[in-house]
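Observations on the three-dimensional arrangement
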Amino acid sequence: MKQLTRGAWGEPGSSLACHTGSWRDLRPGHEHAAAPCHAACPAGEDPQYWLAAVQEGDHRRAWERLVAANPLPAITGRVCPHPCEQRCNRGHYDTAIGIHGIERFLGDAALAAGWDYPGIVGPPAGAPRVAVVGAGPAGISVAYHLLRHGLVPVVFEAAPEAGGLLRSAIPMTRLPRAVLDAELERVLACGIGLHTRQALGRDFSLDELRAEHAALFLAPGCARSRPWDVQGVIPAGTRDGLDLLKSWIDVGEVPAARRVVVHGGGNTAMDIARVMKRHGAEEVHLVTASGLPGPQTAPDDVLNIVPRELEEGLEEGIVIHPHATLSRVLLRGARIVGVELVALRKLERADGRRARVAFEGTERILQADLVIPCIGEQVDPAGLGALVQRSGFLRVDARGGVAGACDLYAGGDACGNIGTVAAAVGDGRRAANAIAARLAGAEPSERPRTEIGIERLNLNYFEPRPARRAAVLPVAERDDLCEIEGSLDAAAVADEAGRCFACGNCLACDNCWVLCPDAAVLKIADTASDGSRYVFDYDYCKGCGLCASECPSGFIAMRPEPE
Amino acid sequence: MDESPRQLIARQREAEPRYRGLESGHRACQGCGEALAARLVTEVAGGDVVVANATGCLEVFTTPWPQSAWRMPWMHSLFENAAAIASDIEAALRHQQRPTKVLAFGGDGGTFDIGFQALSGMLEREHDVLYVCYDNEAYMNTGIQRSSSTPHAAMTTTSPPGRERMGKRHLKKDLLSIIGAHHIPYAASASVAYPRDLQRKVRRALEISGPTFLLVHSPCPLGWGHGGERTIEVGRLAVQTGLFPLVEIERGAVTAVMPLRVPRPVSEYLALQGRFRHLFADEPRAREELEHLQALADHNIAVYGLLGGAPDALDADGADTVRRGGAVA
């Protein structure tokens, strides 16, 4: 080879000898923050994570990721109010991802295909047995997660079938019984021993269970309606909403009435209001102390009705009277002829506590021939004794432990939580983790990740895209059985999942790799330990932060260089 | 024997699924737009090329003796003669009947000003060369002196704002039109903020036999006075305001533009940069110059017809869209 003069040439790529990483004072790193949908999910699902698998077209893997937290997606996809959608960052951009439709699609796909629940191996011989009281969503969830931990769950249910409130209070128009039965059956078939028609306090006692099991999980639900009256008056024959719903579901009948007043602002109130309307009531009024959702209403003051159910109820002609209560019942003899409403607000009093204040002079009369109280439920104390607090609920810590008893755990509606199926599923999962940890003599490990806000995303890299929503049955075609909201097809599901911003996680979009001026981001063939396909070459990264600013999904964070 | 972390990452570097023309270890500033632009251009050009590089930042930060960050044949001679050197290399390769492509690289100083005569000659003689001008709008390497590419009203060390002037008195030279007037087959402007568009234009230019020209807007954190993490944001706003229109010119006629969906006000672009800080002072001259720059952007939008179409997947809002697993466009 010809020798060139000194200083006139250099070997190709010899700059690699210069480690420009020493210039850096900020170091980029992958940081898997919690997507808002994950932070908002009471069941502990990470929708962003399973939506990624949907985008890749792998429905089974998506479902497996989903059921790692929630074994009942076909059910929750239908009945959950989906706080994930309300918190979705995409909601600040165009329209939130329709997570519930995709969750439902995956749940239904698993029912159709019979995919095995992942992570369940038969418990080893002599594995500890854990008793579960109540086979509602919380009881089913804890049993399922106990199985995943290699423990043996034994479930006792007072009713003839599993399902709890899912079966007794949720109309078929929201949750077809075929779906409920199929999904419950599949979860139970994982190896959950179920004893039906076994009521606590009647067929067995807490002490008997405690003697035979390593731990107990109580999920009796709220079987009892709260006492209700109006200024001490209870019209003759009054039946509460839960009771009416139950007999409507069981027998298909409701009392005949022309003008109905439903008192309460929850899902039961809306469900029974809609049933009454469909069964011939000319007017159905829903009177609630809470407000309608909107900018004028504080988040803790909004009525607790699934948003799409509220919308459908309004479509069907339910009249809502927000921020009002019943101040008087108008009777002719024992027969009710109307109610008096009065406006009210939750206000802070001089002592700092919030109280409901009715405003004199706002009274008005509604004609009515039936009043249905739906002001909430409480725990049936049978067999629970002093565990039931004065509030009417059980009291537990953040992991479901009942105070003062290391082997007792509880969850679901009985703990007075926010009263959704997803919350009950979450209670079950957390308690199962706590039980498994205690039995193994360890500390439960669930490290919450920080939530990522929209300000951490780079929205330049996304385009507005119309949301895909399932068809809804027209009002005229709604009856007692047909499901009102339809299903999405696979194409719509792929499209909708493709709208996900992947908040806090790697989108594998190549931006960091394409935009690094120093070629210090390497794309690798296999998956890195953090799940991405990119690694930083800190020998050369100068710490400019370009990759972090241009990461669409906020997966890269700049942190001070360690000393 | 187990692989050390450094051996692992070196192996991963070698296994990368793309050609690296510009290697790590170069001495460009943090967030350098020009380093990024050169990396993107050489990635597409591949190894079967010869590059002639004018004096400037790119030459200095890539080749501190005895090292070189280039992995392709590359040579530097002087500030003014990159196009002349490239012409000669191309003539020699043609004589040898070798298909190797020739590229010439220069900054705006070496292109708009000092090497302009050599460039014009190269185009006129129809050499089969792609000339890439990395436009960072001033002589950054020597300490941020104004060039004929520096935009109107920008502050440089030789166009300081003060009692007499509000930054540079003159306008940015419309080099692309002058290049187009040489009647060459292809000339285009591009930006590091739109890497896919930039690389498409490089590919297009390299397919053509004959002189082609690419003007790449390359934000300079040091000279423009913005954080290195803002390089892409600044570049993107230059396009989205209309101050740096992305156009393609064939035989002197504009054949394609990157349309704007919603033009952003120039103040958004200017406010990110220290070189325009004096335009945000509370005084009439500052307000006048802001309006002047807005008028220049509006003029570009009108002249190149950047507005008026329906939303387009390849407009300035859509062209950088990503999805899981890569870019859309």
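Residues numbered from 1 in each chain as written. Chains lettered and ligands numbered in written order. Predicted model: local features only at pLDDT ≥ 70, side-chain atom pairs only at ≥ 80, totals over all residues. Heavy atoms only, no water.

Another aspect to go through is the overall build of chain A. The number of helices and strands found in chain A is 17 helices and 19 strands. Here the C-alpha coordinates of chain A stretch approximately 120 × 60 × 55 Å along the principal axes. Sorting the 563 residues of chain A into buried and exposed places 53% on the buried side. Taking contacts inside chain A between residues at least 6 apart in sequence as the whole, the part at least 24 apart equals 70%. Accessible area of chain A: about 24300 Å², with a carbon and sulfur share of 51%. (Helix = DSSP H or I, 4+ residues; strand = E, 2+ residues; numbered from the N terminus. Buried < 20%, exposed > 50% of the residue type's maximum accessible area, 1.4 Å probe, protein only. Contact = heavy atoms within 4.5 Å. Areas by Shrake-Rupley, 256 points an atom, 1.4 Å probe, with all protein chains shown as cover.)

Turning next to the overall build of chain B. Looking only at helices and strands, chain B features 12 helices and 10 strands. The C-alpha atoms of chain B give 20 Å as radius of gyration, which agrees with the globular expectation for 329 residues (20 Å, within 12%). Dimensions along the principal axes, computed over C-alpha positions, put chain B at roughly 65 × 55 × 45 Å. If you take every contact in chain B between residues at least 6 apart in sequence, the share linking residues at least 24 apart comes to 69%. Only carbon and sulfur atoms are counted for the fraction: they give 54% of the accessible area of chain B, which is about 13200 Å². Positive and negative side-chain charges of chain B, numbering 35 and 38 respectively, have mean locations separated by a distance of 3 Å. (Rg over C-alpha atoms; globule rule 2.2 N^0.38 Å. Lys, Arg positive; Asp, Glu negative; His and termini not counted. Charge placed at Lys NZ, Arg CZ, Asp CG, Glu CD.)

Quick look at the pattern of salt bridges now. Residue and element names in this part refer to chain A. Scanning the entire structure with this criterion turns up 66 salt bridges over all chains. Asp46 serves as the salt-bridge partner of Arg449, at 3.1 Å between the closest nitrogen and oxygen. Taken together, the residues Arg449 in the loop between α14 (421-439) and α15 (490-497) and Asp46 in the loop between α1 (36-40) and α2 (47-55) connect sequence positions 403 residues apart. A salt bridge links Arg90 to Asp94; the nearest nitrogen and oxygen atoms lie 2.8 Å apart. What you see here is one network of salt bridges that share partners, running through Arg174, Asp271, Arg274, Glu309, Glu312, Glu315, Glu316 and Arg478. (Salt bridge = Lys/Arg side-chain N within 4 Å of Asp/Glu carboxyl O.)

What follows is about the packing of helix α12 (residues 267-278) of chain A against helix α13 (residues 307-315) of chain A. Residues and elements named next belong to chain A. Following both chains from N to C, one finds α12 and α13 inclined at 30°, their axes separated by 10 Å at the closest point. Overall, the two elements α12 and α13 adopt an arrangement that is roughly parallel. You can see that α12 and α13 cross each other, and the crossing is left-handed. Note on element contacts: α13 touches α12 through Glu309, Leu310, Glu312 and Gly313, opposite Met270, Asp271 and Arg274. (Axes fitted to C-alpha atoms, helices over the stretch in contact; angles between N-to-C directions. Parallel < 35°, antiparallel > 145°, perpendicular 65-115°, else oblique. Left-handed = near helix turned anticlockwise from the far one by under 90°.)

Turning next to the sheet that holds strand β4 (residues 193-195) of chain A. Working definition: the strands of a sheet are paired by backbone hydrogen bonds and lie parallel or antiparallel to each other. Residues and elements named next belong to chain A. Read across the sheet, 5 strands follow the order β4-β3-β2-β5-β16 without closing on themselves; strand pairing throughout is parallel. Looking at which strands have only one partner, the edges of the open sheet turn out to be β4 and β16 (408-410). Shown here is a sheet whose adjacent strand axes are inclined to one another by a mean of 20°, direction ignored. α14 contacts β2 (129-133), β5 (215-218) and β16 of the sheet and is inclined by roughly 170° relative to β5. (Pairing = 2+ DSSP bridges.)

Residue and element names in this part refer to chain A. Where burial is concerned, most of strand β7 (residues 259-263) is hidden: 4 out of the 5 residues are buried. Inspection of the sheet shows β7 paired to strand β8 (residues 283-287) by 5 bridges, in the parallel sense. Directly across from Val260, in β8, lies its bridge partner Val284. Between the parallel elements β7 and β8, the chain passes through α12 in a crossover that is right-handed. When β7 meets strand β14 (residues 370-373), the two strands line up parallel, connected through 4 bridges. Residue pairing for β14: Val261 is matched across the bridge by Val371. (Right-handed = clockwise from strand over helix to strand, strands pointing away.)

Time to look at the side chain of Ser553(A). All names here are of chain A. Within the fold, Ser553 resides in the loop between α17 (546-550) and β19 (556-560). Exposure remark for Ser553: the relative accessible area of 1% places this residue in the buried category. At 2.7 Å, the side chain of Ser553 forms a polar contact with the backbone oxygen of Asn505. (Polar contact = N/O pair within 3.5 Å; in protein donor to acceptor, adjacent residues only side chain to side chain.)

This part is about the packing of aromatic side chains. Throughout the structure, instances matching the rule amount to 13 aromatic pairs over all chains. Taken together, a centroid distance of 4.4 Å and an interplanar angle of 35° make the contact between Phe462(A) and Phe501(A) tilted. Placement of the pair is Phe462(A) in the loop between α14 and α15 and Phe501(A) in the loop between α15 and α16 (511-515), with a sequence separation of 39 residues. For the pair Phe462(A) and Phe501(A), a shared accessibility class is recorded, and that class is buried. A ring pair is formed by Tyr131(B) and Phe213(B), whose centres lie 5.8 Å apart and whose planes are at 15°; its orientation type is stacked. Taken together, the residues span a long stretch of sequence, with Tyr131(B) in strand β4 (residues 129-135) and Phe213(B) in strand β6 (residues 212-217) at a distance of 82 residues. One exposure class covers both Tyr131(B) and Phe213(B), and it is buried. Taken together, the aromatic side chains of Trp63(A), Trp115(A), Tyr117(A) and Tyr144(A) make up a single cluster linked through ring pairs. A cation over a ring is seen here: Arg65(A) above Tyr49(A), with NZ or CZ 3.9 Å from the ring centre. (Phe/Tyr/Trp six-rings, centres within 6.5 Å; stacked < 30°, edge-to-face > 60°. Lys NZ or Arg CZ within 6 Å of the ring centre and 35° of its normal.)

Right, let's talk about the nonpolar core for a bit. If you look at the biggest cluster of nonpolar residues, it comprises 197 residues, and the most contacted ones within it are Trp50(A), Leu103(B), Phe105(B), Tyr134(B), Phe213(B) and Leu270(B). With 9 residues, α14(A) is the single largest residue contributor to this core. Here this core gathers at least three residues from each of two domains, domain 1 (14-32 + 505-560) and domain 2 (129-224 + 378-439) of chain A. Counting residues in hydrophobic clusters, the runner-up holds 28 residues, among them Leu245(A), Val275(A), Val284(A) and Leu286(A). (Core = buried A, V, L, I, M, F, W, Y, C linked by side-chain atoms within 4.5 Å. Domains from an automatic or database assignment.)

At the junction of the two partners, chain B supplies 50 residues and chain A supplies 57 residues. In total, about 4300 Å² of surface goes out of reach between chain B and chain A, with carbon and sulfur atoms giving 52% of it. Across the contact surface, chain B and chain A share 4 salt bridges. Note that Asp537(A) is salt-bridged to Arg13(B), the shortest N-O span being 3.1 Å. The tally of links between chain B and chain A comes to 30 residue pairs in polar contact (both at pLDDT 80 or more). Of all elements in the fold, only α1 (5-14), α2 (33-45), α8 (195-207), α10 (231-241), β9 (322-323) and β10 (326-327) of chain B reach the threshold of two or more residues within the side of chain B that touches chain A. (Buried area = accessible area lost by both parts, 1.4 Å probe.)

All names here are of chain A. Domain parsing of chain A yields domain 1 (14-32 + 505-560), domain 2 (129-224 + 378-439) and domain 3 (226-375). Taken together, the contact pairs 15 residues of domain 2 with 13 residues of domain 3. Summed over both partners, the interface of domain 2 with domain 3 buries about 1100 Å², with 54% contributed by carbon and sulfur atoms. Our count for the domain 2 to domain 3 interface comes out at 2 salt bridges. One salt bridge connects Asp271 with Arg174, and the closest N-O pair in it is separated by 2.8 Å. Class assignment for the residues of the side of domain 2 that touches domain 3 results in 7 nonpolar, 4 polar and 4 charged. (Nonpolar A, V, L, I, M, F, W, Y, C, P; charged D, E, K, R; others polar.)

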